Every structure is written in C-alpha cells, then in structure tokens.
Amino acid sequence: MQYKLTASDLEVLLAVYRGGTLAAAAERIGVDSSTIFRCVQKMERGIGQSLFSRSRSGYRPTELGLQLAEKAEAIEVELESARSAAQMAPEDIAGSVHITTTDTILHGLLAPQLSLLNRTHPLLQFELETANRLANLSRRDSDIALRATRTPPEHLIGKHLGPIRVALFASQISGLAAGDRIDNKICWIAPDEALPDHPSVHWRKRYYPKANVAYRVDSILTVTEFIRLGFGIGIIPLFLAEDYPDLVQLTDVLDECQTELWLLAHPESRHLRRVSAVFGHLSQIIRLE
C-alpha cells in the first residue's frame, strides 16, 4: 500500500528543512530530536526515497525533499490564513511578524515606526532580529527583511525605499570641521571584519590606504556611537547622523558608497494579512530621498 503523507509528516519535514539539523527542527516544533529522527526515517521508508542527505553540517534536502518542503510551505500559508479568518473579526489583524534587519536600520528607521503600527493594530506582536546576514526568507526564517543592498534577491517581493547615502563624520569634541585634511594620525572606527565588503570599507582602503583603524567594530551603529564619544572618525549613513547634533559632517556625500534600502518578503507569506499589513505600512512610512 502506498505511503500517505500526513500533515504531521509535512510539519516535521518543513522543520528539518528550515532548521538544517534534528536539534533545530525539534526546537521549532517542541519535541525531542529522537522523535524527529524517527519521523524522517518513517517517511523515507514509506516513500522509498531519501528526503535528506546527512553530513556533519546537518541535513540537506534532496530534490524530492525540496519539492515536498515547498508544498508544505504552501499548505502552511493556507492553514495560517484559514486560522486567521476563523479567529478574527474582519477588522482585526493579529499574530506575530518576524522582521530581520541590521541594528543600524532598526534603531534609525524601523523602531520609530513600530509604536504607530502597534497602535493601529494592537493585536500584532513583533519578533525583531538584527544581523548582518540576510535571513533566508525562502525558508520562512523571517517574514520581512529591511535591508541595505544593491542587488535584492530576485525571487523575493521587494519595495525600494530609497538610497542610503553616507559621509565621513567626526564628533564636535574632535575639533575637526568640514573640509579639514585627514592625515594618517587620525583614528578611524570601521566594521572591517564584520562587514569586509561594505562600501565604506572599500572606499577607505582606496582613498586612505594607510589610515589608522584603531577600532574595528561589528556594526555601523557602533561606529556611530564611537564617533560621538570622540574615539575617531568614521563613515555612517546620513539618516542616522541627523539624529545626533553633536556629529560633524567632514565630507560631501560619498556617492561610491551609496546602497539602496529594500523592504523584502517571501511571495507566499506576503499574502498573510498580518505580514501584508506590516509590509504595506512600512513601505508607505519609511522613505529615504
């Protein structure tokens, strides 16, 4: 008799696909790893094909496993939509929305808008993740991403929110002023190791190859805070600097360092009411010109 996949089977398969390991899948579902292991074995024996390849780094889906994971995601979206319709009044939007961004964008652009969004939709909850990497929205690791990038992934639904312009800044207490010569004795703060491909890092290495990078930090927000404390100079976005009157802009806008701000979502999760409401609000209220 042909094996019949169940909703529970697909939930486990999707958890392993997203988590990449038995432990991560077990944490997502709320069971132990051995239960996940037995379920995967049962499915593979019943179907007669492997769903995942195993290695030290974890579980990678086979072609069939990937096809089934995509089907499971579609079912999950429809199920969430049905639950939402059954439990809420037409005007209510509720549930949790997972947003990933960088700490710079979170504090400089996103956070000021969340209170308004929460007042508009008080039943919403927000899971906020800050990381330099772009969360894998294809695996629904996150619902929405707010990112600085020149090349957003083509498979995601995106809204361009404007250019992110940057310049070189110092603190007022440094005594530096616009147009001053920047010699090699001046300390720099930069995200070299955390963001080695960041346009500001490439720009500095091109025009100031002998610069004294005294502080290497892991985010642009930290660059900003260290500049304000007078530790040195650094390149930061104009939208962040405008909130701090104690910063001095030393250069014109650095066109070579410009990136673009994108609001991104997976095509399927974008249609969930809670995700659509947040996506629509942010796309209207956050604008860089």
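Everything here concerns the structure above.
As a starting point, this report considers the structure included with it. (Residues numbered from 1 in each chain as written. Predicted model: local features only at pLDDT ≥ 70, side-chain atom pairs only at ≥ 80, totals over all residues. Heavy atoms only, no water.)

Now for the environment of I286. Relative to the elements of secondary structure, I286 occurs in the segment after α9 (273–285). Through-space distance from the C-alpha of I286 to that of D143 is 18 Å; in sequence the pair is 143 residues apart. If we ignore the near neighbours within four places in the chain, the residues touching I286 are L109, L110, Q113, L146, L161 and L261. (Helix = DSSP H or I, 4+ residues; strand = E, 2+ residues; numbered from the N terminus. Contact = heavy atoms within 4.5 Å.)

Before going further, it helps to examine the environment of L263. Relative to the assigned elements, L263 resides in strand β12 (residues 259–265). When the C-alpha atoms of L263 and L282 are compared, they prove to be 8.0 Å apart, with 19 residues separating the residues in sequence.

Topologically, D103 is positioned in helix α5 (residues 103–120). Despite its burial, D103 remains without a salt bridge, the nearest opposite charge being carried by R147 at 8.3 Å. In terms of polar contacts, D103 uses its side chain to reach the side chain of T104, at 3.4 Å. Setting aside chain neighbours within four positions, we find D103 in contact with T130, S219 and L221. (Buried < 20%, exposed > 50% of the residue type's maximum accessible area, 1.4 Å probe, protein only. Lys, Arg positive; Asp, Glu negative; His and termini not counted. Salt bridge = Lys/Arg side-chain N within 4 Å of Asp/Glu carboxyl O. Polar contact = N/O pair within 3.5 Å; in protein donor to acceptor, adjacent residues only side chain to side chain.)

On to the nonpolar core. In this structure, I144, L146, I236, L261 and V278 are the most contacted members of the largest nonpolar core, which totals 41 residues. No other element matches the 6 residues that α5 contributes to this core. Residue contacts for L261: discarding those within four places in its chain leaves I105, L109, L146, R147, A148, K159, H160, L161, G162, I164, I286 and L288. If you look at the next biggest cluster of nonpolar residues, it comprises 21 residues, including V12, A26, V40 and A69. (Core = buried A, V, L, I, M, F, W, Y, C linked by side-chain atoms within 4.5 Å.)

A word on a nonpolar patch on the surface. Nonpolar side chains collect at one region of the surface, where Y215, L229 and F231 lie side by side and expose about 270 Å² of accessible area between them. With respect to the element layout, L229 can be found in the loop between α7 (220–228) and β10 (234–237). A relative accessible area of 53% means that L229 is categorised as exposed. (Patch = residues over 30% accessible without salt bridge, like charges linked within 9 Å, V, L, I, M, F, W, Y side chains within 5 Å. Areas by Shrake-Rupley, 256 points an atom, 1.4 Å probe, with all protein chains shown as cover.)

Take the sheet that holds strand β4 (residues 124–130) next. Taken together, the 5 strands give an open sheet; going across it, the order is β4-β3-β5-β12-β6, and neighbouring strands pair in mixed fashion. Of all strands in the sheet, those with a lone pairing partner are β4 and β6 (157–164), marking the two edges. The mean angle between the axes of side-by-side strands here comes to 20°, regardless of whether they run parallel or antiparallel. Strand direction decides the pairing type here: strand β3 (residues 95–101) and strand β5 (residues 144–148), joined by 2 bridges, are parallel. The residue of β5 that forms the bridge with T100 is A145. In this fold α5 packs onto β3, β4, β5 and β12, with an angle of close to 180° to the strand it touches most, β4. (Pairing = 2+ DSSP bridges. Axes fitted to C-alpha atoms, helices over the stretch in contact; angles between N-to-C directions.)

A separate point is the packing of aromatic side chains. A full pass over the atoms with the stated rule returns 7 aromatic pairs. Taking 5.3 Å as the distance between ring centres and 50° as the angle between the ring planes, the aromatic pair formed by W188 and Y208 counts as tilted. One end of the pair, W188, is in strand β8 (residues 187–190); the other, Y208, is in the loop between α6 (199–207) and β9 (212–216), and 20 residues separate them in sequence. Ring centres of Y215 and F226 lie 5.6 Å apart, and the angle between their planes is 70°; this geometry places the pair in the edge-to-face category. Taken together, the positions of Y215 in strand β9 and F226 in helix α7 put the pair 11 residues apart, joining distant regions of the chain. You can call Y215 partly exposed: its relative accessible area is 31%. With relative accessibility at 22%, the residue F226 sits in the partly exposed group. Chaining the aromatic ring pairs together yields one cluster made of W188, W203, Y207 and Y208. (Phe/Tyr/Trp six-rings, centres within 6.5 Å; stacked < 30°, edge-to-face > 60°.)

Turning next to α6. Within the sequence span of α6, burial applies to P199, S200, V201, W203 and R204. Buried residues along α6 sit against β8, β9, β10 and β12.

At a minimum axis separation of 8 Å, helix α1 (residues 7–19) and helix α2 (residues 22–29) run at an interaxial angle of 125°. Comparing their axes, α2 and α1 come out oblique. Here α1 runs over α2; the crossing is right-handed. Note on element contacts: α2 touches α1 through A24, A25, R28 and I29, opposite E11, V12, A15, V16, R18 and G19. (Parallel < 35°, antiparallel > 145°, perpendicular 65-115°, else oblique. Left-handed = near helix turned anticlockwise from the far one by under 90°.)

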